[in-house]
Structure formats: structure tokens, C-alpha cells
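Analysis of the macromolecular model
Each chain, letter by letter, is given below.
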Number of protein chains: 2
Amino acid sequence: MQDKYETKLRVRGYRMTPQREMIIAALTSSDHHITAEEIFASLHERTRALNIATVYRTLDLLVEEGLVCRTDLGGDRVYYAPLRHGPHIHLVCRHCGQVIEADYSQIAPLKKRLQEQYDFAADLKHVSFFGICETCQSTEQVEN
Amino acid sequence: MQDKYETKLRVRGYRMTPQREMIIAALTSSDHHITAEEIFASLHERTRALNIATVYRTLDLLVEEGLVCRTDLGGDRVYYAPLRHGPHIHLVCRHCGQVIEADYSQIAPLKKRLQEQYDFAADLKHVSFFGICETCQSTEQVEN
DNA sequence: CTCGCTGTTGCGAATGATTGCAATAACAAA
DNA sequence: TTTGTTATTGCAATCATTCGCAACAGCGAG
């Protein structure tokens, strides 16, 4: 996975630096969504050859190149995750913070409709929707 | 419009202050999406009895109460707009920045599907989708 | 009209994130 | 292996936004 990322960047004309390697490694070895600050903290423990600005810039680059997905989970931070599988959408529970990955096919009809009725080519890959998940729906009913 | 807002807040147990009045007035008299900083700047010209933190707090309140919609138009700032009409969705052009307001009925089927297949109660009122608008679609083809 | 409770404000500090710029280093070409 | 070009980095300043806390003020009760 790590190598695949680096090859892709190199092919597209980007230079490979120790900093980018570290950041990609941290991203791909994490199995959840992770923040820029978390990436920086875990790497900065071992080396001082990394700056927080570089982390942000590298993440921007990876998002731009479609290798990583940036998700605003509604809180004060922005989360990042490698794109292992194809496009999907995020269902973020406002109550417990859980993130469900839903199939992209769910919004294909919407995309078509927006193009037909508004001539708008929507990019719906990796969008996030906020709401209440199954568990919290039942919990909330009990509370109220 | 202004009065309607103030009545609603009062009924819900909030206090009416000069600051809140000013902010609501600025919001409702603007006809586009506007930033917190813009609201503050336009008001601060005439009076110093207003702090930027208060602007942000009041906007949070109005959003929370469903009177104003907060939209991340993808840039570095967040935009706010009064909710004159009912729920709708935003189609934001990544190219020219134009914001199209699309009918809420466009995503009703999606909401239903997410509930059925993932037991997720999505809140899809005033969501924003990014993409390319009609005009820019033709322009881009020429450019490339 | 006065009082008192408590919601609201201003201030300043702190947060996450971005930017300009000079120094550095990746990598292709010689 | 050396060199030159230019992408990339570190640093510090800056930005938009949030937060803690003490002072203040709205408004209902008396």
C-alpha cells in the first residue's frame, strides 16, 4: 500500500521525500480516520525532521491526487483516511460519532437527477452525511 | 423577518440583546451568503459595542435553532444565510463559486434508502454538494 | 421601580489550519 | 559523480474560530 502510493506520486511528477514517506506510512498503517495533528504527534515522537505544516501540505496533496479522503466529521478537526476501496459515502452519527461507510450506489441516482434537472455535475465521491445511527435512535427515544 | 426571528428566540427562552438584534439585522438584510467576519466588519464600522466572539456565538445559536443555515462552501471560511424558504440543498460550483439552490425533493429518496438499508436517520436539510455547474462544464471543455 | 437570577458579553488566550519566504534537497541531465 | 533546476521544507507569522472566565445586563418576580 505504502509503495503503491509512492509510485503513484512519483509517476505524477512529485518528489519522494522522507517526510512524505513518513506521513504516508502513518496514514496507511492506521485503520481508522486520523487527524493531521495525530499523524504529526506520532511521528514527532521519534524524529524532529518533520513540521506540522508539511503534514498539512502533504495531506492536501494526497487528497488532491485522490489517494486520501478528507472528511469533516462535524467536530473541530478534519479527519483523513487512505482510499483502500473505491468511492463510498460516510454516514456520521451526531450522537456517538460512529462512521458508517455506505455504498456509493446509494447516491448514483441523485447524481443523475442533479445533472438532468440542474445541469450540475456533482462530485459525490466520499461525501459525508450527518444524522443518527440505529443504536442512538433507540437510545434517544428512551431518554426523551 | 427581523421581528420574526426575535420573537422566535424570545419564545424559546433566549434574551434579546442589542448585539443579537444587530447581527440578525445584518443577516436578514443581506441577500447572499455572508461570513461571520463580514457581519462583524459591517457592524463594527458604526459601533464598538460588538465583539467578534459574540458574532460567532450568535450565529451558532441561530443555526442550532434552525433559523439560519451554515454552509461550508469549500473555501477557508464558513458562510451563513437566513432560512427564508424551507429546506433545500446547495450545489456549489468548484470552478466559479456559484451556489445553486436545489429542491429538497431531490434527496428525499436518498434519505429513505439510507434509513431502510443502514437504519441511519440522515439529516439532509441544507447539505452542500460540490461539482461543476452548467456554464463551467462547457467552459472547461473548451480550455482542455 | 427595584432586585436578583442567570443568560450573555467582552476580553484575551488558545486552537486547528494556512501562508510567505528563504533555505534545502530530490532527481534528471551532463 | 557533479551540477542546476525547481519542488519541497521549516519557520514564524497569520488566519478563522473557539473557549474560559469575570463583568455585565435582560427580564420576570415582587
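Residues numbered from 1 in each chain as written. Chains lettered and ligands numbered in written order. Predicted model: local features only at pLDDT ≥ 70, side-chain atom pairs only at ≥ 80, totals over all residues. Heavy atoms only, no water.

Considering the interface of chain A and chain B
Accessible area lost on assembly of the parts is the figure often given for the size of an interface. Facing the 33 residues of chain A at the interface are 33 residues of chain B. Counting each side, the surface lost to burial between chain A and chain B is near 2,500 Å², with a carbon and sulfur contribution of 58%. Of all residues in chain A, Gln106, Tyr118 and Phe120 of chain A bury the most surface against chain B, accounting for 28% of the area lost on that side. Remark: the boundary between chain A and chain B carries 0 salt bridges. (Contact = heavy atoms within 4.5 Å. Buried area = accessible area lost by both parts, 1.4 Å probe. Salt bridge = Lys/Arg side-chain N within 4 Å of Asp/Glu carboxyl O.)

Let's talk about the protein's contact with DNA strand C
Taken together, 21 residues lie around DNA strand C, and Met16 and Tyr56 of chain A together with Arg20, Thr54 and Arg57 of chain B are the ones closest in. At the protein interface, 69% of the atoms of DNA strand C within 4 Å belong to sugar or phosphate. A distance of 3.0 Å separates a base oxygen of DNA strand C from a polar side-chain atom of Arg15 of chain B. Ala49 of chain B places a polar main-chain atom, nitrogen or oxygen, 3.0 Å from a phosphate oxygen of DNA strand C. (Near = heavy atom within 4 Å. Polar contact = N/O pair within 3.5 Å; in protein donor to acceptor, adjacent residues only side chain to side chain.)

Examining the relation of the copies chain A and chain B
In screw terms, the move from chain A to chain B is a rotation of 180 degrees and a rise of 0.0 Å along the axis, fitting with an RMSD of 0.1 Å. The two molecules are tied by a two-fold rotation axis, judged by turn and shift. Every residue of chain A has its C-alpha some distance from the rotation axis, and the shortest such distance is that of Leu110 of chain A, at 3.7 Å. Comparing contact sets, 100% of the residues at the interface of chain A also lie at the interface in chain B, consistent with an isologous, same-surface contact. (Least-squares fit on C-alpha atoms with pLDDT ≥ 70 in both.)

Overview of the confidence of the model for chain A
When pLDDT is averaged along chain A, the result is 89, and 94% of the positions lie at 70 or above. Across chain A, helix α4 (residues 52–64) of chain A holds the top mean pLDDT of 97, while helix α6 (residues 134–143) of chain A sits lowest at 74. (pLDDT = per-residue confidence, 0-100. Helix = DSSP H or I, 4+ residues; strand = E, 2+ residues; numbered from the N terminus.)

Let's talk about the packing of aromatic side chains
Applying the stated criterion across every chain yields a total of 1 aromatic pair over all chains. Judged by centre distance (6.0 Å) and plane angle (85 degrees), the rings of Phe129 of chain A and Phe129 of chain B are edge-to-face. One end of the pair, Phe129 of chain A, is in strand β7 (residues 128–132); the other, Phe129 of chain B, is in strand β7 (residues 128–132), on a second chain. Using a relative accessible area of 1% as the deciding quantity, one classes Phe129 of chain A as buried. (Phe/Tyr/Trp six-rings, centres within 6.5 Å; stacked < 30°, edge-to-face > 60°. Buried < 20%, exposed > 50% of the residue type's maximum accessible area, 1.4 Å probe, protein only.)

Quick look at the packing of helix α3 (residues 36–44) of chain B against helix α4 (residues 52–64) of chain B
All names here are of chain B. The interhelical angle for the contact between α3 and α4, taken along N-to-C directions, is 130 degrees, at an axis separation of 9 Å. Classified by the interaxial angle, the pair formed by α3 and α4 is oblique. Viewed along their axes, α3 and α4 form a crossing whose handedness is right-handed. Contact with α3, carried on its side by Ala36, Glu37, Ile39 and Phe40, involves Ile52, Val55, Tyr56 and Leu59 of α4 and no other residues of that element. The class makeup of the residues in the contact of α3 with α4 is 7 nonpolar, no polar and 1 charged. (Axes fitted to C-alpha atoms, helices over the stretch in contact; angles between N-to-C directions. Parallel < 35°, antiparallel > 145°, perpendicular 65-115°, else oblique. Left-handed = near helix turned anticlockwise from the far one by under 90°. Nonpolar A, V, L, I, M, F, W, Y, C, P; charged D, E, K, R; others polar.)

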